Amino acid sequence: MNFWQSLRVIILLNFLGLFTINIKSAQANPQQCYQQALPTFTNSYTADLVAWMCQGATSTIPAQCFKAALPTFYDNQVAKRAAMVCKRATSTAPGKCFLETIGTFYNSESVERAFKLCKVNSNTSDTSSISNNSRELDRLCKVAQTGNGNTLYYSNGQVITHYTGKKGATWYHSNGRVMTHYAGEKGATWYHSNGKVMTLHAGEKGATWYYSNGKVMTLHAGKKGATWYYSNGQVMTNDGNLISEEELLYPCSYIE
């Protein structure tokens with residue numbers, strides 16, 4: 001076999017390898033899309049976004065697109081628009097377009113501009129299946145921490161707390177169930193909206209956190225290298241990152 005014949009064989013093998021990868025990707029289901037797209041550390045709002053994005057997916061391309069769209073640090077607005085850009089995507093191009101357009105120091109206007117420029121689907125505006133409660137709790141959590149002792153309400157009229165900005169105050173879910181009796185205090189117990197314990201030791205590194213179905217989220221919250229699990233019990237990562245002291249004390253993003 002001469003040089004040119006060898007080169008043709010190498011090129012052919014590389015092509016077949018890429019073809020095999022594409023076939024595997026094309027045969028993926030929504031669950032595989034969801035698992036691949038879900039960030040290592042995520043809140044319930046982002047998890048809902050990813051689930052919505054992967055509904056009906058027949059490949060993992062939307063997941064690849066979503067990962068390509070996210071900057072290192074991002075907020076709920078970025079995650080939402082990235083998911084909407086990548087739903088039913090057939091390549092990673094929309095995600096890359098989105099990331100490049102929002103820029104390094106993005107703001108609300110640049111995010112919306114990137115969404116309008118990079119979206120490829122006309123029917124990606126229906127995000128009604130995304131949890132409104134998770135979205136509202138994320139927003140109100142900050143307000144409740146920094147208020148001046150006033151009463152704060154959800155949009156449905158339910159009180160979240162009568163004492164904003166006060167450590168040790170009782171917080172409530174939008175359905176009226178207690179979220180915690182000791183907001184902002186170390187060792188406080190926090191509850192999910194169904195009454196299940198989220199953690200018995202808020203604010204403490206190494207505490208065990210639970211999902212609303214009772215499954216363990218992690219046995220070592222806030223510790224680098226901790227193992228984190230999906231709500232079905234499968235391992236998410238064996239190399240978890242650190243969590244800020246604020247999130248340990250006020251784990252709103254992990255409440256369901």
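Our structure is the block above this text.
Rules behind the numbers
- Residues take numbers from 1 onward in each chain, read along the sequence in its written order.
- pLDDT decides what is reported in this predicted model: residues at 70 or higher carry local features, side-chain atom pairs at 80 or more are listed and counted, and totals for whole chains, interfaces and linings draw on all residues regardless.
- Only heavy atoms go into the side-chain values, all of them from the structure, while hydrogens and water stay out.
- Only DSSP runs of H or I reaching four residues or more are called helices, and only runs of E reaching two or more are called strands; each is numbered from the N terminus.
- For the exposure calls, accessible area comes from a 1.4 Å probe over protein chains only, and a residue counts as buried if that area is under 20% of its type's maximum, exposed if over 50%, partly exposed in between.
- What makes two residues a contact is simply this: any of their non-hydrogen atoms within 4.5 Å.
- Only the protein chains shown count as cover for residues, with accessible areas throughout obtained via the Shrake-Rupley method and a probe of 1.4 Å.
- Note that a disulfide, as used here, is simply two cysteine sulfur atoms within 2.5 Å.
- Stacked, tilted and edge-to-face are the three classes applied to pairs of Phe, Tyr and Trp rings, where Trp contributes its six-membered ring and a pair requires centres within 6.5 Å; stacked means planes under 30 degrees apart, edge-to-face means over 60, and tilted covers the rest.
- Should the NZ of a Lys or the CZ of an Arg lie within 6 Å of a ring centre and within 35 degrees of the ring normal, that charge is described as sitting over the ring.

**Brief notes about the overall build of the protein chain**
Helix and strand counts for the protein chain stand at nine helices and ten strands. Buried residues in the protein chain amount to 41% of all 256 residues. Partitioning the intrachain contacts of the protein chain with sequence separation of at least 6 by distance along the chain shows that 43% fall at a separation of at least 24. Counting every atom, the protein chain has about 13700 Å² of accessible surface; 52% of that belongs to carbon and sulfur.

**Here we look at the state of the cysteines**
Chemically, a disulfide is nothing more than a covalent bond linking the sulfur atoms of two cysteines. If you walk through the whole model with that rule in mind, you get four disulfides. Residue Cys-97 pairs covalently with Cys-118 via a disulfide, S to S 2.0 Å. Measuring handedness by torsion sign, the sulfur bridge of Cys-97 and Cys-118 sits at about -70° and is left-handed. With a gap of 21 residues between them, Cys-97 in helix 6 (residues 93-102) and Cys-118 in helix 7 (residues 108-118) connect regions that are remote in the sequence. Exposure remark for Cys-118: the relative accessible area of 3% places this residue in the buried category. Residue Cys-141 pairs covalently with Cys-252 via a disulfide, S to S 2.0 Å. Its torsion about the S-S bond being 65°, the disulfide of Cys-141 and Cys-252 is classed as right-handed. Of this pair, Cys-141 sits in helix 8 (residues 132-146) while Cys-252 sits in the segment after helix 9 (245-249), placing them 111 residues apart in sequence.

**Some thoughts on the environment of Tyr-154**
For Tyr-154, the location among the structural elements is in the loop between strand 1 (152-153) and strand 2 (159-161). Measuring from C-alpha to C-alpha, the distance between Tyr-154 and His-173 comes to 8.7 Å, with 19 residues separating the pair along the chain. Ignoring sequence-local partners within four residues, the contact set of Tyr-154 consists of Glu-136, Leu-137, Leu-140, Val-159, Ile-160, Tyr-172, His-173, Ser-174 and Met-179.

**Considerations on the packing of aromatic side chains**
Tallying each qualifying case throughout the model produces six aromatic pairs. Plain terms: the ring middles of Trp-190 and Tyr-250 are 6.3 Å apart, the flat faces sit at 85° to each other, and that makes the pair edge-to-face. On the criterion of sequence distance, the pair formed by Trp-190 in strand 5 (residues 190-191) and Tyr-250 in the segment after helix 9 is long-range, its members being 60 residues apart. Taken as a pair, Trp-190 and Tyr-250 share a single burial class, namely buried. Over the aromatic face of Phe-115 sits the side chain of Arg-81, whose NZ or CZ is 4.1 Å from the ring centroid.

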